[in-house]
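One letter stands for each residue in the lines below.
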Amino acid sequence: MHEIEMLINGRSYSGLAEARMTLADFLRHSLGLTGTHLGCEHGVCGACTVLVDGASVRSCLMLAVQAKGAIVETVEGLAATDGKLSPLQQAFQDTHGLQCGYCTPGMLMTIVELLRENAQPSEAQIRDAISGNICRCTGYQSIVEAVLLATGGKSAGRMSE
Amino acid sequence: MTGHDSQKPAVPAALSVGRAVPRLEDPKLLRGQGQYLDDIALPGLLECAFLRSSAAHAKIDDLDVEEARAMPGVHAVLILADLMPKLTSGRMPLGASPTGGQSNSTPFVLSNSEVAYVGEPIAMVVADTRYLAEDAAARVKVAYTPLPVVTDARAGMSADAPTVRTELESNVLNSFNVGFGDVESAFANAAHVFSDDLWQHRGCGHSMEGRGVVAEVRPGDELCVWSSTQMPHDLYYMLQSMLGLDQDRLRVITPDVGGGFGPKYCLYPEEVAVPAAARLLGRNLKWVEDRRETFISSIQERDQYWTVEVAVDANARLLGIRGRLVHDQGAYAPKPVNLPYNSATAMSGPYMLPSYSMDVVIVHTNKVPVSSVRGAGYPQAAFAMERTMDLIAFKLGLDRAEVRRRNLIPPEKMPYTKKLKARSGAAMVYDSGDYLASQAEALEAAGWKDFPDRQARALAEGRYIGIGIANAVKGTGRGPFESGIVRVGQDGKVSVYTGATAMGQGIETALAQICADGLSLPVDDVRVIAGDTARTPLGLGGFASRQLVTAGSSVHLAAKSVAAKALAAASVILDVPQADLELKDGHVRVLASNRAISLAEIARTLRGAPGYAFPAGTEPGLESAMHWRSDSLAYANACHVAEVEVTPELGQVEIKRYVALNDSGRMINPMIVKGQVEGGIVHGIGNALYELMGYDDSAQPVTTSFQEYLLVTATELPFLETILRETPSPINPIGAKGVGEAGTIPAAAAIVSAVEHALAPFKVRISQTPITPEALFRLVESSKTN
Ligand code: FES
Ligand code: FES
């Protein structure tokens, strides 16, 4: 068992974990931060994406011990402390960018990283950035639209309504 | 309402239906505050893992659990015999059948003497953590004697095939004919007869959240079960009988569900094993399916082999269709075998067909059991029919859309009765729709007419582009009912309780809209509680694109009845005739005056108080429970047009454009409808091009991760162009039709039609899904050598 401490969403957390425990399980089950979801546990679906020291990682593929002392950002940290949704989250609601909401935390964290690097991504860049995140519900269109809405971008596609 | 963003302008009362109201579900989900099955935390919760068969068919000679049992952190390793004291049967009942009962094709709670597919649960480990439970499951020793395996349903139906389970005499679970009219004379008198062999391949639903179950043992021998299921009430009835529990001692709750798509519309062995073990051990237990388990234990669907013969007159009008449909059922039939019946009866879709005869054979194989996946038999039917339409056009040198136009049911024939019976036994009556207009509008939007020019120009540049079309109808709103209870609280807020199940479709928002309009309230004042058997006594759940139609109708009627009750009570309280009252903005107002009484006050009055008089002539409680009944279906329709570019040397398909017209009757929330359609299309595109659940010759699954089984990602898709038509259904009070599956059903057929069209210079005929790069490459190569 290892004592692990990390700064998550600006708050310090600590807990005990076996060396083999994934960061995802540590966040979810040891710390009760269940916003981060597991869709595949083999690094393909992206549902478990969180930011570690500013870079997106698949928390199902990272061990909790590897994140010792790291700065971690999860979906729980996106809304303001008074609960107000961030512009990206609000855009997700406005464009219907989520249905069951299961892939959503990973989508949001992936896009947060994208927008820090590129505040005005094109539709193609958005699709590229989320190509490692599987959403079975929405067909992605509304997620792409959410990012465009949040960044004032325009869809290259033909709007038919 | 928790989480509602107060900055958004309140939706004006009585105007929400038909508008793109932002979903009430979203704020908590966007903050990571949803509560999905795996998020449920209970005191002393232990975790479970299942040992699953590694053999496709084998006798279990010996099961040695001693070493696993002795491992630290392990509380129990259970086999069927251990659970039997808590079970009334070791075999699962026939799911969703009111008469319950077992057949010799339902799965076992745990298998103890023989296994019939890779993934079949054999033993269950209970440990402090899932990590430890999996460690221990790996130490259970199973001695197998391999038995012969059936991998292909067509081979499995032959008389000398080995049986997939030794208890069976034949792998043919059922066979029947679906038909009408004089098919023999249709063929005898036809101007042309064509035939084709088709295969549509199985895939899994792959909701991003797997299945899962939590069982909590409560004082007084009570049991509370949470399940990531599409049908909490069915689970309740099944558990009650399987566990021999008093109805008052059991409660089933569906928490937030991370997608269903069919596989969660089934009752699984784990959903019985975990609660039974919880009762046996007196501990709270949880099991959550991991992705590998989804691949080998969640329901799959679609493997069907069709042989189709079609007879047409000189004008390409359909005279008759006949053929055979072989349905791969997998190792067990957890439900009555509705799917192939759906397929066979749905084949003629939106077209007029004078005669029909389809022989259906349902055959067991040593693969994961089969039940519904989004579309439930309809995508295969649409694929068979739309491929047939393309074949007729190809053979007669006609435009593919023109052949369809000549055969579509015209609007003046609505309502149109097919000479077939729906599963309920009721006649199949298409209630409304204008299929010709739908097709015309989709073709126009997609630029169908100019396509030959564009194709010729592309070809001159050495590019292979193609356009494809597919139509579909889907019977939605399957009854017999869904519950909707509307209750006004003493604060004027309204609760809606329903047996419908929310699994991402936005049903909570849509029902809240209907209720809000019925009571002239802002949507935010309505809270919807779905999927809790303690709050809603009756319900059927989420499947067959049914919930908005059925629960929506019930909620509509219940809200109306509450409104009538409020007016009646207000009339007594205010001493004003009802004709002089109106319900507006949460108040009953006296017309032409500023007197008013709020719904909250009326609710408080109707709550009753000891010693206070009750308004004369009114019943207690400002609430109403409705169970809108229906045996008929509301038929949604769709026309999809896809444009693709194919690189023949690589077998690669790029989707350039996708235009989907959808008519799901009156739309409660067009934004939700559009989202459902888009999600459905992408599922169908996956079926067309990517999703291959592979098995080798010994029925070993070879695709058990998302690295081998490909789902569509954002980069494979063009901008989806969705056109929404609105032909109200006359058969329900809200005019709605279902939408959840309508986008999926024609999508694979449209894509395949486009790919075939792009490869017209090679004269390839595509008769299967998925059409993988390898399969496409081979088709092109063999056309070159022919
Ligand atoms: S759960 Fe980590 S990538 Fe799928
Ligand atoms: S919203 Fe359900 S998986 Fe994306």
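Going by what an unreviewed UniProt entry lists, chain B is known as Xanthine dehydrogenase family protein molybdopterin-binding subunit and is assigned to Undibacter mobilis.

If you look chain A up in an unreviewed UniProt entry, it shows as (2Fe-2S)-binding protein from Undibacter mobilis.

A. Region of interest: the overall build of chain B. Looking only at helices and strands, chain B has 20 helices and 31 strands in total. If you line up chain B on its principal axes, its C-alpha atoms span 95 × 70 × 50 Å. Restricting the contact set of chain B to residue pairs at least 6 apart, pairs at least 24 apart contribute 79%. Treating the 73 positive side-chain charges of chain B as one cloud and the 88 negative ones as another, the clouds have centres 4 Å apart.

B. Region of the structure containing the packing of helix 16 (residues 547-574) of chain B against helix 17 (residues 599-607) of chain B. Residues and elements named next belong to chain B. Following both chains from N to C, one finds helix 16 and helix 17 inclined at 80°, their axes separated by 10 Å at the closest point. Considering the angle they form, helix 16 stands roughly perpendicular to helix 17. In this structure, helix 16 contributes A566, A569, A570 and I573 to the contact, and helix 17 contributes L599, I602, T605 and L606. Of the residues in the contact of helix 16 with helix 17, the class split is 7 nonpolar, 1 polar and no charged.

C. Inspection of the layout of surface pockets at higher detail. Of the volumes computed, that of the largest pocket is approximately 1000 Å³. Listing elements by their share of the lining of the largest pocket, those giving two or more residues are strand 2 (11-17) and helix 1 (23-30) of chain A together with helix 4 (130-139), strand 13 (285-288) and helix 9 (291-297) of chain B. With 5 residues, the top contributor of residues to the lining of the largest pocket is helix 1 of chain A. Residues of the lining of the largest pocket, tallied by class, amount to 17 nonpolar, 10 polar and 18 charged.

D. A look at helix 19 (residues 747-758) of chain B. Residues and elements named next belong to chain B. In this model, helix 19 (12 residues) spans 17 Å end to end at C-alpha, consistent with the 16 Å of a helix rising 1.5 Å per residue. With 12 of 12 residues buried, helix 19 lies mostly within the body of the structure. Among the residues making up helix 19, those that are buried are A747, A748, A749, A750, I751, V752, S753, A754, V755, E756, H757 and A758.

E. Structural detail: the packing of aromatic side chains. Residue and element names in this part refer to chain B. For the structure shown, the criterion picks out 15 aromatic pairs over all chains. Between W199 and Y305 the ring centres are 6.3 Å apart and the planes differ by 10°, which places this aromatic pair in the stacked class. In this pair, W199 sits in strand 8 (residues 192-200) while Y305 sits in strand 15 (residues 304-312), placing the two residues 106 residues apart along the sequence. Residue W199 is classed as partly exposed on the basis of its relative accessible area of 22%. Taking 5.7 Å as the distance between ring centres and 70° as the angle between the ring planes, the aromatic pair formed by F295 and F706 counts as edge-to-face. Placement of F295 in helix 9 and of F706 in the loop between helix 18 (670-689) and strand 30 (720-725) is noted, with a sequence separation of 411 residues between them. Looking at F706, the relative accessible area reads 4%, which means it is buried.

F. Layout of the interface of chain A and chain B. Residue-level contacts link 56 residues of chain A with 59 residues of chain B. For the pair chain A and chain B, the summed buried area comes to about 4900 Å², and 54% of that belongs to carbon and sulfur atoms. Summed over the shared surface of chain A and chain B, the result is 5 salt bridges. Taking the shortest distance from any N to any O, the salt bridge between E145(A) and K674(B) comes out at 3.7 Å. Counting every contact that joins chain A to chain B gives 24 residue pairs in polar contact (both at pLDDT 80 or more). The leading source of residues in the side of chain A that touches chain B is helix 2 (residues 87-95) of chain A, at 6 residues.

G. Representation of the sheet that holds strand 23 (residues 526-530) of chain B within the structure. Residue and element names in this part refer to chain B. The 4 strands lie next to each other as 23-22-21-27, forming an open sheet whose pairing is mixed. Of all the strands in the sheet, just strand 23 and strand 27 (623-629) have a single pairing partner and so form its edges. Strand-to-strand, the axes of this sheet are offset by a mean angle of 20°, without reference to chain direction. As paired elements, strand 21 (residues 481-488) and strand 22 (residues 494-498) share 5 bridges and run antiparallel to each other. When the bridges of strand 22 are listed, G484 appears paired with T498. Each of strand 21, strand 22 and strand 23 is contacted by helix 15 (residues 507-519), which is oriented at about 135° to strand 23, the strand it contacts most.

H. Spatial organisation of the domain arrangement of chain A. Residues and elements named next belong to chain A. Splitting chain A by domain gives domain 1 (2-77) and domain 2 (87-151). The C-alpha centroid of domain 2 is placed 21 Å from the C-alpha centroid of domain 1. Taken over both partners, the interface formed by domain 1 and domain 2 buries close to 1200 Å², and the fraction arising from carbon and sulfur atoms is 54%. Looking only at domain 1, the three residues that lose the most surface to domain 2 are H37, L51 and V75, adding up to 35% of its buried area. Between domain 1 and domain 2 we count 1 salt bridge in total. With a shortest N-O distance of 2.5 Å, E73 and R116 are connected by a salt bridge. At the boundary of domain 1 and domain 2, one finds 7 residue pairs in polar contact (both at pLDDT 80 or more).

I. Representation of the pattern of salt bridges. All names here are of chain B. Counted by the stated rule, this structure contains 62 salt bridges over all chains. In this structure, D290 and R130 form a salt bridge, with 3.5 Å as the shortest nitrogen-oxygen distance. Highlighted residues: D290 in the loop between strand 13 and helix 9 and R130 in helix 4, separated in sequence by 160 residues. With respect to class, D290 is no different from R130; both count as buried. Members of the salt-bridge network, linked through shared partners, are R52, R130, E134, R211, E270, E289, D290 and E293.

J. Structural view of the domain arrangement of chain B. Residue and element names in this part refer to chain B. As assigned here, chain B comprises domain 1 (429-475 + 634-785) and domain 2 (481-629). Each of domain 1 and domain 2 has a C-alpha centre, and these two points are 41 Å apart. Taken together, the contacts link 16 residues of domain 1 with 16 residues of domain 2. Between domain 1 and domain 2 lies a buried interface of about 1200 Å² when both sides are counted; carbon and sulfur atoms form 64% of it. Taken as a group, I668, P733 and I734 account for 43% of the area that domain 1 buries against domain 2, more than any other trio of residues on that side.

K. Spatial organisation of the nonpolar core. Counting residues in each nonpolar core, the largest one holds 137 residues, and the members touching the most others are F92(A), W306(B), M347(B), Y356(B), Y658(B) and I685(B). Core analysis: the second largest hydrophobic core is formed by 46 residues, A516(B), L519(B), A551(B) and L622(B) among them.

L. Quick look at the confidence of the model for chain B. All names here are of chain B. Mean pLDDT over chain B works out to 94, with 97% of the residues at or above the 70 mark. Ignoring residues within four places in sequence, the model shows residues 1-13, a span with pLDDT below 50, making 24 contacts including any to other chains. Predicted complex, confidence summary: ipTM 0.97, pTM 0.95.

M. Spatial organisation of helix 14 (residues 451-460) of chain B. Residues and elements named next belong to chain B. Here helix 14 has its buried residues at F451, Q455 and A458. Along the long axis of helix 14, the arc covered by the buried residues comes to 65°, so they all point the same way. For helix 14, the exposed residues lying more than 90 degrees away from the buried face are D453, R457 and A460. The elements touched by buried residues of helix 14 are strand 20 (464-476), strand 28 (634-647) and helix 19. A positive backbone phi angle near 80° is found at G462, which sits one or two residues after helix 14.

N. Local environment of the pairing of strand 29 (residues 652-663) of chain B. All names here are of chain B. For strand 29, the tally of buried residues reaches 9 of 12 residues, placing the bulk of the element in the interior. Across 11 bridges, the pairing between strand 28 and strand 29 is antiparallel. If you follow C639 over to strand 29, its bridge partner there is L661. Two successive antiparallel strands, strand 28 and strand 29, enclose a turn made up of 4 residues, where G651 displays a positive phi of approximately 65°. With 6 bridges joining them, strand 29 and strand 30 adopt parallel strand pairing. Along strand 30, the bridge assignment pairs V659 with E721. Following the chain from strand 29 across helix 18 to the adjacent parallel strand 30, one finds a crossover that is right-handed.

What counts and how
- Per chain, the residues get numbers from 1 upward, laid out in the order the sequence is written.
- Chain letters and ligand numbers both follow the written order, the letters beginning at A and the numbers at 1.
- Confidence filtering applies because this is a predicted model: local features only for residues at pLDDT of at least 70, side-chain atom pairs given and counted only at 80 or more, and all residues used for totals across whole chains, interfaces and linings.
- Think of the side-chain values as coming from all heavy atoms in the structure, minus any hydrogens and water.
- Starting at the N terminus, helices and strands are each numbered in turn, a helix being any DSSP run of H or I of at least four residues and a strand any DSSP run of E of at least two.
- Whether two residues are in contact is decided by their heavy atoms: any pair within 4.5 Å suffices.
- Under the convention used here, Asp and Glu are negative, Lys and Arg are positive, and both His and the chain ends fall outside the count.
- Taken as the charge centre is NZ of Lys, CZ of Arg, CG of Asp or CD of Glu, depending on the residue.
- Where helices are involved, their axes are fitted lines through C-alpha atoms of the stretch in contact, as for all axes, and angles between N-to-C directions lie from 0 to 180°.
- The labels follow the angle: roughly parallel below 35 degrees, roughly antiparallel above 145, roughly perpendicular from 65 to 115, and oblique for the rest.
- The classification used treats Ala, Val, Leu, Ile, Met, Phe, Trp, Tyr, Cys and Pro as nonpolar, Asp, Glu, Lys and Arg as charged, and all other residues, Gly among them, as polar.
- With a 1 Å grid laid over protein atoms only, a set of points is called a cavity when a 1.4 Å probe fits there but cannot get out and a pocket when it is open yet has protein on both sides within 12 Å along at least five of seven lines; lining residues have an atom within 4 Å of a point.
- Grid points are joined across faces, edges and corners, and a volume is the space filled by probe spheres set on the points.
- Each helix should span, by expectation, one fewer than its residue count multiplied by 1.5 Å.
- Burial status follows relative accessibility: with a 1.4 Å probe on protein chains alone, a residue under 20% of its type maximum counts as buried, one over 50% as exposed, and anything between as partly exposed.
- Pairing of aromatic side chains requires ring centres within 6.5 Å, counting the rings of Phe and Tyr and the six-membered ring of Trp. Pairs whose planes differ by under 30 degrees are stacked, by over 60 edge-to-face, and all others tilted.
- We define buried area as the total accessible area lost by two parts upon association, computed with a 1.4 Å probe and summed across both.
- For salt bridges, the criterion is a side-chain nitrogen of Lys or Arg within 4 Å of an Asp or Glu carboxyl oxygen.
- Whenever two N or O atoms come within 3.5 Å, that pair is a polar contact, provided that in protein one can donate a hydrogen and the other can accept it, and provided that, for residues adjacent in sequence, both atoms are side-chain atoms.
- At least two DSSP bridges between two strands are needed for those strands to be called paired.
- As used throughout, domain bounds are those supplied by an automatic or database domain assignment.
- Buried Ala, Val, Leu, Ile, Met, Phe, Trp, Tyr and Cys residues that are joined via side-chain atoms within 4.5 Å together make up what is termed a nonpolar core.
- Confidence scores here are pLDDT values: one per residue, from the predictor, ranging 0 to 100.
- Directions pointing from the helix axis toward each C-beta atom define the arc.
- For the handedness criterion, the strands are oriented away from the viewer, and a crossover whose path from the first strand over the helix to the second runs clockwise is classed as right-handed.

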